[in-house]
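# An overview of the molecular structure
Spelled out, the chains give:
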Amino acid sequence: MNLFCDFLKFYGSCCLHCGSLQVHFGYLCKPCAKQLARFRECVFTPSHPLKVRSLYRWHPGESDLLSTLILNLKGPGTKSGWNYYANQFMAFMLETLPTNKHIRIVPAPARRANMEDHAYNWGEALAHLLGAEFMPCLRKSTSVHQRGAARGERALLEMELLEKYSDLSTDSTEILWVFVDDILTTGATARAAHKALGSPSHFEVWVFARRSLSCGASKDLL
(Lines give C-alpha, C1' and ligand atoms only; values in the text may rest on other atoms or scores of the structure.)
Protein backbone atom coordinates (compact mmCIF):
# COMPACT_ATOMS: atom_id res chain seq x y z
CA MET A 1 0.00 0.00 0.00
CA ASN A 2 2.83 2.43 0.87
CA LEU A 3 4.54 1.76 -2.45
CA PHE A 4 1.26 2.40 -4.26
CA CYS A 5 0.83 5.74 -2.45
CA ASP A 6 4.40 6.72 -3.32
CA PHE A 7 3.69 5.91 -6.96
CA LEU A 8 0.59 8.12 -6.94
CA LYS A 9 2.46 10.99 -5.31
CA PHE A 10 5.31 10.82 -7.78
CA TYR A 11 3.09 10.99 -10.82
CA GLY A 12 0.46 13.27 -9.22
CA SER A 13 -2.35 11.28 -10.80
CA CYS A 14 -4.66 10.61 -7.87
CA CYS A 15 -5.99 12.41 -4.79
CA LEU A 16 -4.26 11.01 -1.73
CA HIS A 17 -7.45 11.08 0.30
CA CYS A 18 -10.35 9.99 -1.90
CA GLY A 19 -8.62 8.55 -4.97
CA SER A 20 -10.15 11.03 -7.42
CA LEU A 21 -8.31 11.41 -10.70
CA GLN A 22 -9.13 15.12 -10.80
CA VAL A 23 -6.18 16.29 -8.70
CA HIS A 24 -6.00 19.97 -7.78
CA PHE A 25 -2.80 21.03 -5.99
CA GLY A 26 -1.00 19.65 -2.95
CA TYR A 27 -1.88 16.06 -3.92
CA LEU A 28 -5.62 16.61 -3.32
CA CYS A 29 -8.69 17.04 -5.50
CA LYS A 30 -10.72 20.25 -5.18
CA PRO A 31 -13.40 18.84 -2.80
CA CYS A 32 -10.72 17.42 -0.49
CA ALA A 33 -8.69 20.63 -0.68
CA LYS A 34 -11.82 22.55 0.31
CA GLN A 35 -12.36 20.18 3.23
CA LEU A 36 -8.72 20.62 4.27
CA ALA A 37 -9.26 24.39 4.46
CA ARG A 38 -11.48 23.81 7.52
CA PHE A 39 -8.36 22.96 9.50
CA ARG A 40 -6.38 25.98 8.36
CA GLU A 41 -5.09 27.99 11.27
CA CYS A 42 -2.69 30.54 9.79
CA VAL A 43 -1.84 32.18 13.09
CA PHE A 44 1.17 33.72 14.76
CA THR A 45 1.40 32.82 18.44
CA PRO A 46 3.91 35.22 20.05
CA SER A 47 4.10 33.28 23.31
CA HIS A 48 7.24 32.79 25.41
CA PRO A 49 9.52 30.94 24.91
CA LEU A 50 8.30 29.86 21.47
CA LYS A 51 6.87 32.23 18.87
CA VAL A 52 5.00 29.93 16.49
CA ARG A 53 3.52 30.35 13.01
CA SER A 54 1.41 27.44 11.77
CA LEU A 55 -0.63 26.75 8.66
CA TYR A 56 -2.97 24.09 10.10
CA ARG A 57 -4.28 22.92 13.45
CA TRP A 58 -4.20 19.13 13.65
CA HIS A 59 -6.25 17.05 16.10
CA PRO A 60 -5.23 13.43 15.32
CA GLY A 61 -8.23 11.17 14.96
CA GLU A 62 -10.49 14.08 14.03
CA SER A 63 -9.61 14.20 10.32
CA ASP A 64 -8.43 11.27 8.24
CA LEU A 65 -7.75 13.75 5.43
CA LEU A 66 -5.22 15.85 7.35
CA SER A 67 -3.66 12.80 9.00
CA THR A 68 -3.20 11.10 5.63
CA LEU A 69 -1.74 14.23 4.06
CA ILE A 70 0.77 14.77 6.87
CA LEU A 71 1.87 11.16 6.85
CA ASN A 72 2.35 11.11 3.07
CA LEU A 73 4.20 14.42 2.96
CA LYS A 74 6.88 12.77 5.06
CA GLY A 75 7.65 10.32 2.28
CA PRO A 76 9.96 10.58 -0.73
CA GLY A 77 9.18 12.56 -3.85
CA THR A 78 7.12 15.23 -2.07
CA LYS A 79 9.16 18.37 -2.81
CA SER A 80 6.49 19.81 -5.10
CA GLY A 81 3.91 19.32 -2.34
CA TRP A 82 6.04 21.21 0.17
CA ASN A 83 6.53 23.99 -2.39
CA TYR A 84 2.76 24.27 -2.74
CA TYR A 85 2.07 24.43 1.00
CA ALA A 86 4.97 26.85 1.52
CA ASN A 87 3.22 29.18 -0.94
CA GLN A 88 0.00 28.78 1.05
CA PHE A 89 1.86 29.56 4.28
CA MET A 90 3.53 32.68 2.91
CA ALA A 91 0.27 33.96 1.39
CA PHE A 92 -1.13 34.29 4.91
CA MET A 93 2.04 35.20 6.84
CA LEU A 94 4.01 37.54 4.59
CA GLU A 95 2.35 40.76 5.71
CA THR A 96 3.06 40.04 9.39
CA LEU A 97 6.76 39.24 8.98
CA PRO A 98 9.30 41.75 10.31
CA THR A 99 10.82 43.85 7.53
CA ASN A 100 13.95 44.92 9.43
CA LYS A 101 15.42 41.46 9.99
CA HIS A 102 17.74 39.20 8.03
CA ILE A 103 15.96 35.84 8.12
CA ARG A 104 17.87 32.58 8.55
CA ILE A 105 15.81 29.44 8.12
CA VAL A 106 17.01 26.34 9.94
CA PRO A 107 15.31 22.98 9.28
CA ALA A 108 14.87 20.29 11.91
CA PRO A 109 17.74 17.82 11.44
CA ALA A 110 16.98 14.58 9.64
CA ARG A 111 17.50 11.17 11.17
CA ARG A 112 20.49 10.59 8.94
CA ALA A 113 23.22 13.05 8.00
CA ASN A 114 22.97 14.68 4.57
CA MET A 115 19.37 13.53 4.19
CA GLU A 116 16.90 15.94 2.55
CA ASP A 117 13.70 15.02 4.37
CA HIS A 118 10.34 16.74 4.90
CA ALA A 119 11.68 19.49 7.18
CA TYR A 120 14.50 20.21 4.73
CA ASN A 121 12.06 20.49 1.81
CA TRP A 122 9.68 22.69 3.83
CA GLY A 123 12.48 25.01 4.93
CA GLU A 124 14.09 25.19 1.50
CA ALA A 125 10.75 26.12 -0.09
CA LEU A 126 10.08 28.85 2.48
CA ALA A 127 13.60 30.26 2.13
CA HIS A 128 13.26 30.38 -1.65
CA LEU A 129 9.98 32.29 -1.47
CA LEU A 130 11.40 34.82 0.99
CA GLY A 131 14.87 35.12 -0.50
CA ALA A 132 16.05 34.14 2.99
CA GLU A 133 19.23 32.34 4.00
CA PHE A 134 18.71 28.57 4.25
CA MET A 135 20.95 27.00 6.87
CA PRO A 136 20.71 23.23 7.52
CA CYS A 137 23.18 23.65 10.37
CA LEU A 138 21.91 21.29 13.10
CA ARG A 139 22.26 17.62 13.94
CA LYS A 140 20.87 15.51 16.73
CA SER A 141 23.31 14.74 19.52
CA THR A 142 21.28 12.08 21.31
CA SER A 143 20.09 8.57 20.52
CA VAL A 144 16.48 9.42 21.39
CA HIS A 145 14.30 9.64 18.26
CA GLN A 146 11.07 11.62 18.19
CA ARG A 147 8.95 8.97 16.51
CA GLY A 148 7.71 6.43 19.00
CA ALA A 149 9.51 8.07 21.92
CA ALA A 150 7.67 8.73 25.16
CA ARG A 151 6.94 12.38 25.90
CA GLY A 152 9.49 12.40 28.73
CA GLU A 153 12.18 11.04 26.42
CA ARG A 154 11.44 13.68 23.80
CA ALA A 155 12.27 16.36 26.35
CA LEU A 156 15.81 14.91 26.52
CA LEU A 157 16.45 15.62 22.86
CA GLU A 158 19.60 17.64 22.27
CA MET A 159 21.07 19.20 19.16
CA GLU A 160 24.38 20.70 18.17
CA LEU A 161 25.79 22.79 15.37
CA LEU A 162 27.56 21.10 12.48
CA GLU A 163 31.26 21.88 12.52
CA LYS A 164 31.21 24.23 9.53
CA TYR A 165 28.62 26.42 11.30
CA SER A 166 30.35 26.49 14.69
CA ASP A 167 31.30 30.18 14.43
CA LEU A 168 27.79 31.49 13.84
CA SER A 169 26.91 34.78 15.46
CA THR A 170 23.45 34.15 16.90
CA ASP A 171 22.36 36.99 19.16
CA SER A 172 21.99 39.88 16.74
CA THR A 173 19.18 42.40 16.56
CA GLU A 174 19.41 42.17 12.76
CA ILE A 175 18.84 38.41 12.50
CA LEU A 176 15.58 36.48 12.87
CA TRP A 177 16.27 32.78 13.34
CA VAL A 178 13.44 30.58 12.07
CA PHE A 179 13.32 26.90 12.99
CA VAL A 180 11.10 24.92 10.62
CA ASP A 181 9.50 21.50 10.99
CA ASP A 182 6.38 19.79 9.75
CA ILE A 183 4.70 19.34 13.16
CA LEU A 184 4.84 21.08 16.53
CA THR A 185 3.51 19.09 19.48
CA THR A 186 5.27 19.72 22.81
CA GLY A 187 7.87 22.10 21.39
CA ALA A 188 10.78 19.98 22.71
CA THR A 189 12.48 19.83 19.31
CA ALA A 190 12.18 23.59 18.77
CA ARG A 191 13.53 24.35 22.25
CA ALA A 192 16.50 22.06 21.63
CA ALA A 193 17.18 23.89 18.37
CA HIS A 194 16.94 27.27 20.12
CA LYS A 195 19.52 26.15 22.67
CA ALA A 196 21.86 24.70 20.03
CA LEU A 197 21.77 28.02 18.15
CA GLY A 198 22.94 29.83 21.26
CA SER A 199 19.48 30.93 22.50
CA PRO A 200 19.14 33.90 20.12
CA SER A 201 16.79 36.68 21.17
CA HIS A 202 14.89 36.70 17.87
CA PHE A 203 13.65 33.18 17.23
CA GLU A 204 10.46 31.80 15.67
CA VAL A 205 9.09 28.37 14.79
CA TRP A 206 7.28 27.83 11.47
CA VAL A 207 5.37 24.57 11.07
CA PHE A 208 2.93 22.98 8.68
CA ALA A 209 0.64 22.06 11.59
CA ARG A 210 0.34 22.34 15.34
CA ARG A 211 -0.61 18.99 16.77
CA SER A 212 -2.98 18.51 19.67
CA LEU A 213 -1.60 16.66 22.68
CA SER A 214 -4.81 14.63 22.93
CA CYS A 215 -3.58 12.33 20.19
CA GLY A 216 -5.38 9.12 21.19
CA ALA A 217 -5.19 6.30 18.67
CA SER A 218 -3.14 8.38 16.23
CA LYS A 219 -0.14 8.90 18.53
CA ASP A 220 2.06 6.51 16.56
CA LEU A 221 1.51 8.13 13.17
CA LEU A 222 4.51 10.44 13.49
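Above this text is the structure in question.
Just so you know, these numbers come straight off a predicted model, no measurement behind them.

### Topic: the sheet that holds strand 7 (residues 175-184)
Taken in spatial order, the six strands of this open sheet run 1-2-8-7-3-4, and their pairing is mixed. In the strand order of this sheet, the two ends are held by strand 1 (40-46) and strand 4 (133-134), each with one partner. Relative to strand 7, strand 3 (residues 102-107) runs parallel, the two being bridged by six bridges. The partner of I103 across the bridge, within strand 7, is L176. Sitting on the sheet, helix 7 (residues 188-196) is in contact with strand 7 and strand 8 (203-211), with an inclination near 155° to strand 7.

### A look at the pairing of strand 3
Most of strand 3 is tucked away, with five of its six residues classed as buried. Pairing analysis gives two bridges linking strand 3 to strand 4, with the strands arranged parallel. Across the sheet, residue I105 finds its bridge partner in strand 4, namely F134. Running through helix 5 (residues 118-130), the crossover from strand 3 to the neighbouring parallel element strand 4 is right-handed.

### Some thoughts on the state of the cysteines
For the structure on display, the rule yields zero disulfides. Of the cysteine sulfurs around C18, a residue in no disulfide, the closest is that of C29, at 3.5 Å. On the accessibility criterion, C29 (3% relative accessible area) is buried.

### Digging into the nonpolar core
Counting 41 residues, the largest nonpolar core has L28, Y56, Y85, I105, L126, W206 and F208 as its most contacted members. Secondary structure elements with two or more residues in this core: helix 2 (30-36), strand 2 (51-58), helix 3 (64-73), helix 4 (79-93), strand 3, helix 5, strand 7 and strand 8. At six residues, helix 4 tops the list of elements feeding residues into this core. Other than its neighbours up to four places away in sequence, Y56 contacts L36, F39, R40, E41, L66, Y85, F208, A209 and R210. Membership of the second largest hydrophobic core comes to 23 residues, among which are A119, F179, A193 and A196.

### Quick word on helix 7
Counting buried positions over the nine residues of helix 7 gives seven, a clear majority of the element. Positive backbone phi, approximately 90°, marks G198, located one or two places after helix 7.

So, how was this worked out
Residues numbered from 1 in each chain as written. Predicted model: local features only at pLDDT ≥ 70, side-chain atom pairs only at ≥ 80, totals over all residues. Heavy atoms only, no water. Pairing = 2+ DSSP bridges. Helix = DSSP H or I, 4+ residues; strand = E, 2+ residues; numbered from the N terminus. Contact = heavy atoms within 4.5 Å. Axes fitted to C-alpha atoms, helices over the stretch in contact; angles between N-to-C directions. Buried < 20%, exposed > 50% of the residue type's maximum accessible area, 1.4 Å probe, protein only. Right-handed = clockwise from strand over helix to strand, strands pointing away. Disulfide = S-S within 2.5 Å. Core = buried A, V, L, I, M, F, W, Y, C linked by side-chain atoms within 4.5 Å.

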